Amino acid sequence: MSTGTVVARPTVHRPTVHLLGIRHHGPGSARSVLRALDELRPAMVLVEAPADATAAFGWIGHPELIPPVALLGHVADRPRRAVFSPFASFSPEWQAVEWANAHDVEVRAIDLPHSVTLATGPDADELFDDPTAPVDPLAELAAAAGEPDAERWWDDVVEHRGDGLPAFDAVAEAMAAVRHGTSPSANEARREAHMRRAIRTAVRDVVKNGGSEPATDTAPSIVVVCGAWHVPALDIDGATYSATADASILRGLPKVKVGTSWVPWTHRRLAAAGYGAGVRSPGWYDHVFRHPGPDGVARFVVDAAHVLRGAGLSASPDHLVSATRLADSLAVLRGRPRAGLDEVLDAADAVMGGLPLVRDRLVVGHAIGSVPDGAPQVPLARDLTAQQRRLRLKVADEPKVIELDLRTPNGLARSHLLHRLDALGLPWGSLEEGRGSSGTFRETWRVRWEPELSVRLVELSGYGTTLERAATARLVERSLSATGLGMLAALVDAALLAELPDAVAPVVAELSSRAADDPDLGGLMDAMVPLARSMRYGDVRATDARALREVFDGLVVRVLAGVVPACRSLDDDAAALMIERLSGLQAALALVDHPARSTDVVAVLERLADPGGPVHGLVQGRATRLLHDGGHAGRDGRGGRGGRDGQGGADEVGQRLGRALSGGTPPAVGARFVEGFLAGSGTVLVHDVALRELVDRWVSSLTPDAFTDVAPLLRRTFGAFEAAERRQLGQLVAGRGTSRQATFGHGVDPERALLTVSTVRAMLGLAEPVAAGAASEVAADSRGHGDG
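Reading the values: rules and limits
For every chain, the first residue of the written sequence is number 1, and numbering continues from 1 along that sequence. Side-chain atom pairs in this predicted model are given and counted only at pLDDT of 80 or more, local residue features only at pLDDT of at least 70, and totals for whole chains, interfaces and linings cover all residues. Calculation of side-chain values draws on the structure's entire complement of heavy atoms; hydrogens and water are dropped beforehand. For helices the rule is a DSSP run of H or I covering at least 4 residues; for strands it is a run of E covering at least 2, with both sets numbered from the N terminus onward. Buried residues are those whose accessible area, probed at 1.4 Å on protein chains only, stays under 20% of the maximum for their type, while exposed residues exceed 50% and partly exposed ones sit between those limits. Working rule for contacts: check all heavy atoms of both residues, and any pair within 4.5 Å makes them a contact. In short, Shrake-Rupley with a 1.4 Å probe defines the accessible areas, and a residue's cover is counted only from the protein chains shown. What makes two strands pair is DSSP finding at least two bridges between them. Lines fitted to the C-alpha atoms define the axes, with helices restricted to the stretch that makes contact. Angles between their N-to-C directions range from 0 to 180 degrees. One less than the residue count of a helix, multiplied by 1.5 Å, gives the span that helix is expected to have. As used here, the arc is the angular range of directions from the helix axis to the C-beta atoms. What counts as a salt bridge is simple: a side-chain nitrogen of Lys or Arg found within 4 Å of a carboxyl oxygen of Asp or Glu.

A. Representation of the overall build of the protein chain within the structure. The helix and strand inventory of the protein chain stands at 33 helices and ten strands. Looking at the protein chain as a whole, 47% of its 788 residues are labelled buried. Within the protein chain, contacts between residues at least 6 apart in sequence are counted, and of these 76% link residues at least 24 apart. Surface accessibility of the protein chain: about 37500 Å² in total, with carbon and sulfur atoms responsible for 53%.

This is the structure in structure tokens:
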């Protein structure tokens, strides 16, 4: 028998399980977790988080995964069914996972997985089945300590300290006392059973893998980071919870296929969600985590001073010293171990003011997280993130206004991105109306990212893997379910603005098909304005709008043929809608400089403006105004205005208005004519003495009863004027104002006109024409229009 050295096998010790009861998003809890981990050096770290998120934990510690972020779990075939698990830099779970990854320690998530929670749905039970059980365990503990404010009590004893293992021993003892005699809800029982089973599995795995600390003969440890409430229920060594009972609870639970990804979160969202997913003061908690020492109050006051100075408010060094001392004094007077948020805010407000601004910027904060490109994301979200970075469009929690110059490549690309998101149904930005430049080369957007948009991205990911494909598919789908031609025309406009050529052709084809059979004249008229805008502005955005011309021309023919019969026998509401459509028709034709604007449309408007016809007074008045504004009233046979200097045109308008306001016309009909003619603007009365006097004489001639009948109509008409117009009209009628007199002669000076043309072309970015040709063009125009 050979002899040799016998190697003794090391003794395998059963791991010691340390339950660290924390408050989610508690800065003091996070510091205590880090101190405990450094002291225990565990072989494995377990965290209360959905078990199917363990793989995603590998990204924590990546330099581009910056909290606040959230784990988004969603049902694969029903993305709308989703749940967020938010993390901040001061979250104990985040710090525990980051520590484990940095020290090459295995980390696992042990809570009930998303695949189960999203299959069973939210539990309708209360937190405790026992109606006498406490709703808020912190409130129970605070009340036992004689403190009415549970949040403040917990901050004082835990979050402002960070004592390490002794703090967790005290928390475990307190929670055991609070939980005594209570029963968990069904959902909570499943969660805790799953966590106990995961802890038992971890113990077996540590034993199996060699179980003792390197170069020692001591037992290894497993650290469990969980909500303080669960600590008494996770003791696997007690007789209360057996593996068999837990297996029975978890047996047969339904499951669904889920996806998990990281998404940006915000401090504002943490605060808005309440304790269920956040805290009331995330900005303050972040500050307390970063500056836990006695100088934390002074640092916060300095930050408040920076915020106030940035807003143009006063904050001197004396203010900083006084506010810091006052906060410490208030803590002493209130019997607090150290100054908390209430003392700091009261002191800062008393000394420097600006409390709402400090609350918004520092107590809540505008922090927003970021996710690296390679992190788990749906392809559509990854494509959007890549485009945001390429175009330098920063995701922000607060609203931001951006001005885009569509003549620059970057401005045009940004416009396409925002319009594609809008077409997809993801409202990151909204196009501002009446802001910025009114030219076609500029756009003004207000953008703000909300975390809920991440869920919307997942929901929309079925339309395509890239933003262009998804937006195209979404627009085509919307065109098939559109309920009117106006909606279809708006979709064409959206496709052109978003530069989605693959969407333009099918949407235009659908529009053309429906327009050929649609008997609704109003719908045809509603479609003309967005179509004209698409045709006019397509070239500005380097898109091809030629396919729309044929559809638009067909709409013009049908509208002009049917508008006169459609204007007969209208009631007041229908007439009010028709006059807006007539104005839209005129604007659409002017936008594309359609030839029908100066021929067929004029004939139609003259028929509608005839006071003797069977047309509503509103329509007669608006038709007369459109003829007047277009310079077509009283046109002679040569296409110019009749009479010297177009005076015949003004006379014709006066004659039409005079017939409408004659004694033989019912006052109500005359009032509606005036309302339609003035079109919400009193400028024509301010500058035209004859028309103003005509209206004035008509109003003065009304009998008391007739005036009483038309007063509401007149009030609505003149109430729509600008305040300056009403004031000036009042002065002119009262004889205290002076009518504007023409300050220019007849004809046009070509040389002076060229200076204006050159300036306008420079503003629009158009090439400068040949000087001689332009001068000839201006001169010819001056000969054709005697009034300049």
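After presenting the structure, the write-up continues.
B. Here's a closer look at the sheet that holds strand 7 (residues 258–264). Pairing in this open sheet of three strands is antiparallel, and the strands run 4-3-7 from one edge to the other. Of all strands in the sheet, those with a lone pairing partner are strand 4 (78–87) and strand 7, marking the two edges. Strand after strand, the sheet turns through a mean of 25 degrees between neighbouring axes, direction not considered. Of the strand pairs in this sheet, strand 3 (residues 69–75) and strand 4 are connected by seven bridges, and their pairing is antiparallel. Bridging from a neighbouring strand, alanine 70 pairs with proline 86 of strand 4.

C. Examining helix 29 (residues 689–701) more closely. Its 13 residues give helix 29 an end-to-end C-alpha distance of 18 Å, which sits within 8% of 18 Å, the value for a rise of 1.5 Å per residue. The set of residues buried in helix 29 consists of Leu691, Arg692, Leu694, Val695 and Trp698. End-on view of helix 29: buried residues confined to an arc of 160 degrees, all on one side of the axis. Exposed and facing more than 90 degrees away from the buried side of helix 29 are Ala690, Arg697, Ser700 and Ser701.

D. How the structure looks around the pattern of salt bridges. According to the stated counting rule, one finds 21 salt bridges in the structure shown. Between arginine 268 and aspartate 360 there is a salt bridge, with the nearest N and O atoms lying 3.1 Å from each other. In this pair, arginine 268 is assigned in helix 9 (residues 267–272) and aspartate 360 in helix 14 (residues 355–364), connecting sequence segments 92 residues apart. By relative accessible area, which is 24% here, arginine 268 ends up partly exposed. Among the residues examined, aspartate 360 registers a relative accessible area of 25% and is labelled partly exposed. Between glutamate 499 and arginine 420 there is a salt bridge whose closest N-O contact spans 3.9 Å. Of this pair, glutamate 499 sits in the loop between helix 19 (485–497) and helix 20 (501–517) while arginine 420 sits in helix 16 (residues 409–424), placing them 79 residues apart in sequence. Look at the salt bridges and you will find they share partners, linking Glu48, Asp111 and Arg191 into a network.

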